[in-house]
Amino acid sequence: MSGGLSSMGASMKNSADLAARTANESRHVPGVTFEIKALDDGADPVKGAPNAAEFVSDEKVLGGVGPLNSGVARTLVPPLAEADMVNVSPGNTDPNLTLGTDWADGPRSRPHPTYFRTIATDVVQGPFAASYLHAAKKTKLYVIDDASAHGTALTTGLTAEFTRLGGSVVGTEQVDPDEPAFDGLAVRVRSSAPTPSTSVATTTPRRSSPNSSSRRG
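All values reported here derive from a predicted model rather than from experimental measurement.

Visitor: What should I look at first to understand helix α5 (residues 122–135) in this one?
Guide: In an α-helix, one full turn covers 3.6 residues, which means residues spaced three or four apart are oriented alike. Here α5 contains 14 residues, and its C-alpha end-to-end distance of 20 Å stays within 8% of the 20 Å for a straight helix at 1.5 Å per residue. For α5, the complete set of buried residues consists of Asp122, Gln125, Gly126, Ala129, Ala130 and Leu133. Down the axis, α5 shows its buried residues gathered within 135 degrees of arc, on one side only. Those residues of α5 that are exposed and aimed more than 90 degrees away from the buried face are Phe128 and Ala135. Residue Lys137 follows α5 closely and has a positive phi angle near 70 degrees.

Visitor: Is there a simple way to explain the pairing of strand β5 (residues 168–174) in this structure?
Guide: Regular strands place side chains that alternate from one sheet face to the opposite one. Note that strand β4 (residues 140–145) and β5 share six bridges and pair parallel. Note that in β5 the partner of Asp145 across the bridge is Gln174. The handedness of the β4 to β5 crossover, carried by helix α6 (residues 149–164), is right-handed.

Visitor: Hey, could you run me through the environment of Asp58 in this one?
Guide: Inspection of the secondary structure puts Asp58 in the loop between α2 (48–57) and β1 (63–65). C-alpha of Asp58 to C-alpha of Lys37: the two residues are 21 residues apart in sequence and 9.9 Å apart in space. Side-chain polar atoms of Asp58 contact the side chain of Lys37, separated by 3.0 Å.

Visitor: Any chance you could explain the confidence of the model for the chain here in plain terms?
Guide: Any segment with low pLDDT has predicted coordinates that should not be analysed in fine detail. Per-residue confidence for the chain averages 88 on the pLDDT scale, and 91% of its residues sit at or above 70. For the chain, strand β7 (residues 214–216) is the element with the lowest average pLDDT, namely 36, and α2 is the one with the highest, namely 98. Scored below 50 in pLDDT, residues 205–217 shows 47 contacts in the model against residues more than four places distant or in partner chains.

Visitor: What is the right way to read the layout of surface pockets from this model?
Guide: Leftover empty space is mapped by rolling, across the atoms, a probe with the size of a water molecule. Approximately 1100 Å³ is the volume attributed to the largest pocket. Lining the largest pocket we find 44 residues, and of these Ile36, Lys37, Gly63, Gly64 and Val65 sit closest to its centre. Secondary-structure elements contributing two or more residues to the lining of the largest pocket are α1 (6–25), α2, β1, α3 (70–82) and β2 (86–89). Looking at the lining of the largest pocket, the element that brings in the most residues is α1, giving eight residues.

Visitor: Help me out: how do you make sense of the sheet that holds β2 in this one?
Guide: The strand order β1-β2-β3 describes an open sheet built from three strands, whose pairing is parallel. The sheet is open, and its two borders are formed by β1 and β3 (115–117), each paired with just one other strand. Between one strand axis and the next, the sheet turns through 15 degrees on average, direction left out of account. One ladder, built from three bridges, connects β1 with β2; its direction is parallel. Paired with Gly64 across the bridge in β2 is Asn87.

Conventions used here
Residues numbered from 1 in each chain as written. Predicted model: local features only at pLDDT ≥ 70, side-chain atom pairs only at ≥ 80, totals over all residues. Heavy atoms only, no water. Helix = DSSP H or I, 4+ residues; strand = E, 2+ residues; numbered from the N terminus. Expected span 1.5 Å × (residues − 1). Buried < 20%, exposed > 50% of the residue type's maximum accessible area, 1.4 Å probe, protein only. Arc of directions from axis to C-beta. Pairing = 2+ DSSP bridges. Right-handed = clockwise from strand over helix to strand, strands pointing away. Polar contact = N/O pair within 3.5 Å; in protein donor to acceptor, adjacent residues only side chain to side chain. pLDDT = per-residue confidence, 0-100. Contact = heavy atoms within 4.5 Å. 1 Å grid on protein atoms, 1.4 Å probe; cavity = no way out; pocket = protein on both sides within 12 Å on 5 of 7 lines; lining within 4 Å. Points joined across faces, edges and corners; volume = space filled by probe spheres on them. Axes fitted to C-alpha atoms, helices over the stretch in contact; angles between N-to-C directions.

Below you can see the structure in the form of structure tokens.
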């Protein structure tokens, strides 16, 4: 609820609050009044474990919604799972959270049985974006990411699938999304001789497009 992703964190909090109020007004569980307990992680993985400890220590907490950021989830989810507390995230895209750390080599297993997500993982999102661009008749791609685990996972899947479909990657670059201006980057993109069939794919979760890839023709 603070930091660069605060607007999305606030939306999650408001959605949980709406669900609690709706359940109370409809008396969904007779005799029970639902309340929410919101803790801020500021998209900082260091705060995941302390927040989990606070939730687990409160006997009134039955489950959790969130976090938004996969980095935070890596430290928040394990202690919640150990406490057998259900946890549902609308934003985590790291495949390791539900497929296990060895999923890329073949074996897949759920490391946290009480953890669920309502969004596709990076394994799906990158190739899907490539298919979308291919269907839009884009044949050239300039790929930019922020060097984060999320950004590189997305662009790796994106470029591999785009190339497999017959497209060509005319440039790749990693940037710091906290930089105030990208004039030099714009010049380099222009120098790649873009055409109407060229698309620029960016993944900059801390500033412009959290947990998603944005595409411009």
